[in-house]
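Below, each chain spelled out in residue letters.
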Amino acid sequence: MEKIKGFERYQRQVILKGFGESGQLKLQQAKVLVVGAGGLGCPALQYLAAAGVGTIGIVDGDEVSASNLHRQVLYGVKDIGKPKVEVATAAIQSLNPDGKVNAHHIRINQHNCLDIINGYDIVVDCTDNFATRYMLNDACVLKGIPLVHGSVSRFEGQVSVFNVKLKNGKYSGHYRDLFPTPPMAGEVPDCSEAGVLGVLPGIIGTMQASETIKWITGIGDLLMDKLMTYDALHNRFMELRYEHSESTAKFHPVHETEFMDTDYEQACGTGNDGFMISGVDFETLKRREVVQVIDVRESNEVPTLDEYNHVRIPLGKLKSLLFTIKPSTMVFFCQSGIRSLTAARIASEHFGKKVKVFSLKDGINHFISSPKTIEF
Amino acid sequence: MTIRIFGPLEDITGTPALNIEGIGDTLQLRHHLEESYPDLQNRKFVIAVDNRVVNGSIELNENSEVALLPPFSGG
């Protein structure tokens, strides 16, 4: 039997009922990837290394900055400007000199993601943006790897364990069972806009480490098909159940080439561009295929559009009237292109990524300012 | 029924908890909320009833405990 390296360091957890030497050996043999070495990543990395996880991967493309220090407790003032993975690697190596650390000083994206996560038993999502969160989720679903989710906003946090292989060979629910499609830019403020209490990611990141250790050692109940929310201001925990549905598959790539072709940045950060279609491209599209044109302005708004065959569904009624729209290419327009963007998002969420959904840039103005053919 | 508002959605409702009566199901509730607080139309959130995330629509009663939950990006 393989020996436990540095046994004395782990004595206090080895004596725990159900943990034992076998639990410690499982940790020593485990390979855990922590994506993001920020507010969540720092405590997660510290506790995973301290617990004796044998191989830890760290992915982060950032350098330490002064505004990180109130919550990213692995770093000090002297580290400002240094790559986070470099400082974090040194810190966790001193917690477990027998462990192996793989440091990736890069920004993870859809092209390098599958290579990076390959070979790890479990991934911990400590990232700070929706593009990476959805990408990691989809990659882990593709590869059958469990993903420990943690996220924070202001005084509140969320934790869950996604995509755990069950005894019957199926998998537990994942991010897209909770939130099928990413929010677009501006729909959810991030920490730099909304702020975050420094201690909060400390609590949530530590819970992620705890769930990871429980999954590796097989003790206790995981936050599987459950989302735990924590409100630091009012000391409230809440556990919400959710269910995995096969129908969420329409929202994520189902094979690797499709994954590599998915532009997650575009679907989130600058997500508007994914739906926006220029007047010229709209005309081209209309020549190539049958396009449903949908006006989402209120019924009293002028000018009316007479040139094109179209239907009128005010934005407020769109959700209840989605069933009247065919699941084929559609272009929404409004007065200026803002409401139609919301309409495109709603329709895309409903119909999934197989249906082409667009929002006409500049709205009705496109039709008014475009030159008309005058027949004599 | 009581409705708890999570995260930055509270900026829109102006309060962390609401009491609403006479709403039959979660689809109607979403319409009602989006009418009362139009900015909610542009926010992503799920509705949970009695600690269960709702896909589609389920019936509500006066004792239903509802939560509006947005995703968080921060880390």
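The rules behind the values
Residues numbered from 1 in each chain as written. Chains lettered and ligands numbered in written order. Predicted model: local features only at pLDDT ≥ 70, side-chain atom pairs only at ≥ 80, totals over all residues. Heavy atoms only, no water. Contact = heavy atoms within 4.5 Å. Buried area = accessible area lost by both parts, 1.4 Å probe. Salt bridge = Lys/Arg side-chain N within 4 Å of Asp/Glu carboxyl O. Polar contact = N/O pair within 3.5 Å; in protein donor to acceptor, adjacent residues only side chain to side chain. Helix = DSSP H or I, 4+ residues; strand = E, 2+ residues; numbered from the N terminus. Nonpolar A, V, L, I, M, F, W, Y, C, P; charged D, E, K, R; others polar. Buried < 20%, exposed > 50% of the residue type's maximum accessible area, 1.4 Å probe, protein only. Expected span 1.5 Å × (residues − 1). Pairing = 2+ DSSP bridges. Axes fitted to C-alpha atoms, helices over the stretch in contact; angles between N-to-C directions.

Chemist: Give me the interface of chain B and chain A: which residues, what numbers.
Modeler: Taken together, the contacts link 26 residues of chain B with 44 residues of chain A. Ranking the residues of chain B by area buried against chain A places Lys44, Phe72 and Gly75 of chain B at the top, with a combined share of 25%. Linking chain B to chain A there are 4 salt bridges. Put simply, glutamate 349 of chain A and lysine 44 of chain B hold a salt bridge, and the shortest N to O gap is 2.6 Å. On the surface where chain B and chain A come into contact, there are 16 residue pairs in polar contact (both at pLDDT 80 or more). Every element with two or more residues in the side of chain B that touches chain A is listed here: α2 (26–36), β3 (46–49), β4 (52–53) and β5 (65–69) of chain B. The dominant element in the side of chain B that touches chain A, judged by the number of residues it contributes, is α2 of chain B, at 3 residues. Class assignment of the residues belonging to the side of chain B that touches chain A gives a composition of 10 nonpolar, 9 polar and 7 charged.

Chemist: Any details on the pattern of salt bridges? Residues and values, ideally.
Modeler: Residue and element names in this part refer to chain A. Counting across every chain of the model gives 19 salt bridges over all chains. The partner of lysine 143 in a salt bridge is glutamate 256, and the shortest N-O contact between them spans 2.8 Å. With lysine 143 in helix α6 (residues 130–143) and glutamate 256 in helix α10 (residues 256–261), this residue pair connects regions lying 113 residues apart in the sequence. What makes glutamate 256 partly exposed here is its relative accessible area of 40%.

Chemist: If you had to explain helix α4 (residues 84–95) of chain A to someone new, which residues and values would you point to?
Modeler: In this model α4 of chain A runs 17 Å from its N-terminal to its C-terminal C-alpha over 12 residues, within 8% of the 16 Å that 1.5 Å per residue would give. Against α3 (41–51), β2 (55–59) and β3 (100–104) of chain A lie the buried residues of α4 of chain A.

Chemist: Hey, could you go over unusual backbone geometry for me, with residue numbers and the actual values?
Modeler: Residues and elements named next belong to chain A. Omega for the peptide link from valine 302 to proline 303 comes to 0°, which places this bond in the cis form. Structurally, the position occupied by proline 303 is in the loop between β10 (292–295) and β11 (311–312). Non-glycine residue aspartate 225 carries a positive phi angle of around 60°. Its location among the elements puts aspartate 225 in the loop between α9 (199–217) and β7 (226–231). Given the relative accessible area of 18%, aspartate 225 is considered buried.

Chemist: Now, about the sheet that holds strand β13 (residues 357–360) of chain A: what can you tell me, with residues and values included?
Modeler: Residue and element names in this part refer to chain A. As summarised here, the arrangement of the 5 strands in space is β9-β13-β12-β10-β11, forming an open sheet in which the pairing is parallel. With partners counted over all chains shown, the strands left at the sheet margins are β9 (276–277) and β11, one partner each. Relative to β13, β9 runs parallel, the two being bridged by 2 bridges. In the strand pairing of β13, isoleucine 277 is matched with leucine 360. Across the face of the sheet, helix α15 (residues 339–351) comes into contact with β12 (330–333) and β13 while running at roughly 175° to β13.

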